[in-house]
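# Structural overview
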Amino acid sequence: MNQGDRVRVDRDGTTHEGVLLPSAEPDHLVVKLDSGYNIGVERDAADVEVLERDVYDVESESEEGAASEVEFDDDLPTIALISTGGTIASTVDYRTGAVTAQFDAEDVLRAVPDLAGRANYRGRVVANILSENMEPPIWQELADAVREEIEAGADGVVVMHGTDTMQYSASALSFILDTPVPIVFTGSQRSADRPSSDNVMNAVCSVEAAKAEAAEVMVCMHASESDDRCALHRGTRVRKNHTSRRDAFETVGAEPLGYVDYDEASEEAAAESRGVQFTKAYAERGETDLDSSPDLDSSPDLDSDVELVKFTPGMDDTFFDLCEGKSGVIIEGTGLGHVHTDFIDRIEELVEDGTTVVMTSQCLDGRVCDRVYDTGRDLLDAGVVEGEDMLPGTAKVKLMWALANTESVAETMRTPLAGEITDRSVPWE
């Protein structure tokens, strides 16, 4: 049997039919089922019958893809594709059935041929990890890579990232970098081997957003379960609100910055951005210098000695002992920003020992206000800083940046810098 043959595979009383695909493991067979899913089966444990020869020309397609090149076109903008891993750049390990990050940026270009003709591309890999392994030092490496690409002439940057911690990384770059061009984070909720994968649409829409005029750090992901449009979320206001839906990301407390219509974006590629429409004010391309401190040779430091603590009823107050000596603590309090009154003295001790303590709310929307109830007033008297309506994760990243780069940390935490704090909390339509 050869790659491209249609086969029937029997194993342990279960039968599958599909097209035989190449396998990186000689002891495993990879079969694409009619449903679009791929499966891996141990070769020695399976009985295989060839039903039809050469129904799919796998070998020639593989050779063509491996030899493909994106030629430079002076009439097209240049987009830097930076990979950190994640599902958008993942494949399946057929020994375990697990999805693992393996592709680099060049592999993504070959995997998404719809990107061809839209731009000139430069690809680089900063990390090849699943996003739960993301750490602040990698944020700094990523920021350095983005800066280098912009200095080298990139008209926009697309960062391919795992979705689970994408909102943290987007926040980090929002504070670390002042950017004159769009920086667009994108990922995939479902890997490329699945028929419902969102990787192609998200990648195409992200490139179009990176060619557009909003010089902001954005997250570009499905706006609905349908393949109709992607939403462009500001990096400091976005949150992943579902574990697996393709439209898992939402802008909290407002509408997204804009949208990318996939049908329009899928029209014949052109130099100008297609299908992108902004619904809110944004920083325009070119109006900001690359860095507020142009002499910096590398990204600003981050103080990673910051913890995010979620208060819950019945919580052991000795938990705050673990925060002793920390540079900063973000508390995710209830409602307007409260914790049990018995905790206030311990929190005050942290503040007196030099720990910056910032209060946010575990509510999905709304502003902290510790001036309404006695508990809140006591927290303010203890030296707690109100986090306004910042998302707790965004507040953690901002505090890391503020501690390392500003003199008045408390004032910085109350001041909007990258759209992380809204003017006031109101219902939106």
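The residue count restarts for each chain, going from 1 along the sequence in the order it is written. It should be noted that, the model being predicted, local features are given only for residues of pLDDT at least 70 and side-chain atom pairs only at 80 or more, the latter also being counted only at that level, while totals for whole chains, interfaces and linings use all residues. With hydrogens and water set aside, each side-chain value is computed from the structure's full complement of heavy atoms.

## Considering the overall build of the chain
- By definition, any uninterrupted DSSP run of H or I lasting at least four residues is a helix, any uninterrupted run of E lasting at least two residues is a strand, and each is numbered from the N terminus. Helix and strand counts for the chain stand at 10 helices and 21 strands.
- By the convention used here, residues are in contact when the closest approach between their heavy atoms is within 4.5 Å. Residue pairs in contact within the chain that sit at least 24 positions apart in sequence constitute 68% of those at least 6 positions apart.
- For the chain, the accessible surface area stands at approximately 19,700 Å², while carbon and sulfur atoms represent 42% of it. Per-residue and other accessible areas were derived by the Shrake-Rupley procedure at a 1.4 Å probe size, with only the shown protein chains allowed to occlude residues.

## Focus: helix α4 (residues 166-176)
- Buried means the residue's accessible area, taken with a 1.4 Å probe over protein chains only, is under 20% of the maximum for its type, while exposed means over 50%, and partly exposed covers the values in between. Extensive coverage of α4 is indicated by the burial of 10 of its 11 residues.
- Turning to α4, its buried residues number three or more, namely M166, Q167, S169, A170, S171, A172, L173, S174, F175 and I176.
- In this structure, the buried residues of α4 make contact with α3 (136-151), β11 (183-186), β12 (217-222), β14 (238-240), β15 (249-251) and α9 (392-405).

## A few points about the sheet that holds strand β13 (residues 229-234)
- Two strands are said to pair when DSSP picks up at least two bridges between them. An order of β9-β6-β10-β11-β12-β13-β16-β17 is seen for the eight strands of this open sheet, with the pairing classed as mixed. For this open sheet the edge positions go to β9 (120-125) and β17 (276-278), each flanked by a neighbour on one side alone. Averaged over all neighbouring strand pairs, the angle between strand axes comes to 25 degrees, with direction disregarded.
- As defined by bridge partners, strand β6 (residues 78-83) adjoins β9 across six bridges and the pair is classed as parallel. Within the sheet, the bridge partner assigned to S83 lies in β9 and is V125. In this analysis, axes come from line fits to C-alpha atoms, helices being fitted only over the stretch in contact, and the angle between any two N-to-C directions falls in the range 0 to 180 degrees.

## Things to note about the environment of D342
- Positionally, D342 belongs in the loop between β19 (328-333) and α7 (344-352).
- Each C-alpha atom of the pair D342 and T375 lies 10.0 Å from the other, and the pair is 33 residues apart in sequence.

## Section: the packing of α7 against helix α8 (residues 374-381)
- Close contact between α7 and α8 brings their axes to 9 Å; oriented N to C, the two are set at 20 degrees. Here α8 runs roughly parallel to α7, going by the angle between their axes. Regarding α7 and α8, the two cross each other, and that crossing is right-handed. Of α8, the residues touching α7 (which contributes I344, I347 and E348) are T375, D378, L379 and D381. Oblique is the label for any angle not under 35 degrees, not over 145, and not in the 65 to 115 range, which are roughly parallel, roughly antiparallel and roughly perpendicular in turn. In this scheme, a crossing is called left-handed if the near helix is turned counterclockwise away from the far one by less than a right angle; it is called right-handed if the turn is clockwise.

## Quick word on the sheet that holds strand β1 (residues 6-11)
- Pairing in this open sheet of five strands is antiparallel, and the strands run β4-β3-β2-β1-β5 from one edge to the other. Since the sheet does not close on itself, it has two edges, and those belong to β4 (38-42) and β5 (47-52), each with one partner. When strand polarity is set aside, the average angle formed by the axes of neighbouring strands in this sheet is 45 degrees.
- Where strand β3 (residues 28-33) lies against β4, five bridges are found, and the strand directions are antiparallel. By the bridge assignment for β4, V30 is matched with G40.

## Considerations on the environment of A215
- Relative to the assigned elements, A215 resides in the loop between α5 (199-210) and β12.
- When the C-alpha atoms of A215 and R285 are compared, they prove to be 4.7 Å apart, with 70 residues separating the residues in sequence.
- Among residues more than four places away in sequence, those in contact with A215 are T179, P180, V181, P182, A283, E284 and R285.

## Description of unusual backbone geometry
- Even without glycine at this site, D12 takes up a positive phi of about 55 degrees.
- Among the structural elements, D12 can be located in the loop between β1 and β2 (14-21).
- Judged by relative accessible area, which is 66%, D12 ranks as exposed.
- Although it is not a glycine, E388 adopts a positive phi angle of roughly 55 degrees.
- Mapping E388 onto the fold places it in the loop between β21 (385-386) and α9.
- By relative accessible area, E388 is classed as buried at 17%.

## Some thoughts on the nonpolar core
- Counting 48 residues, the largest nonpolar core has V146, L173, I183 and F185 as the members making the most contacts within it.
- Looking at this core, the elements that each hand over two or more residues are β6, α3, β10 (156-160), α4, β11, β12, α9 and α10 (409-414).
- Element by element, the count of residues in this core is highest for α3, at seven residues.
- Setting aside residues no more than four positions away along its own chain, I183 makes contact with V146, V157, V159, L173, L177, E216, V217 and M218.
- Throughout this description, the term nonpolar core refers to a set of buried Ala, Val, Leu, Ile, Met, Phe, Trp, Tyr and Cys residues connected via side-chain atoms within 4.5 Å. Among the nonpolar cores identified, the runner-up in size contains 27 residues, and Y121, M160, A203 and C220 belong to it.

## Overview of the state of the cysteines
- Counting rule for disulfides: a pair of cysteine sulfur atoms within 2.5 Å. Counted according to the given criterion, the structure contains zero disulfides.
- With no disulfide of its own, C220 lies 4.1 Å from the sulfur of C230, the closest cysteine sulfur.
- You can call C220 buried: its relative accessible area is 0%.

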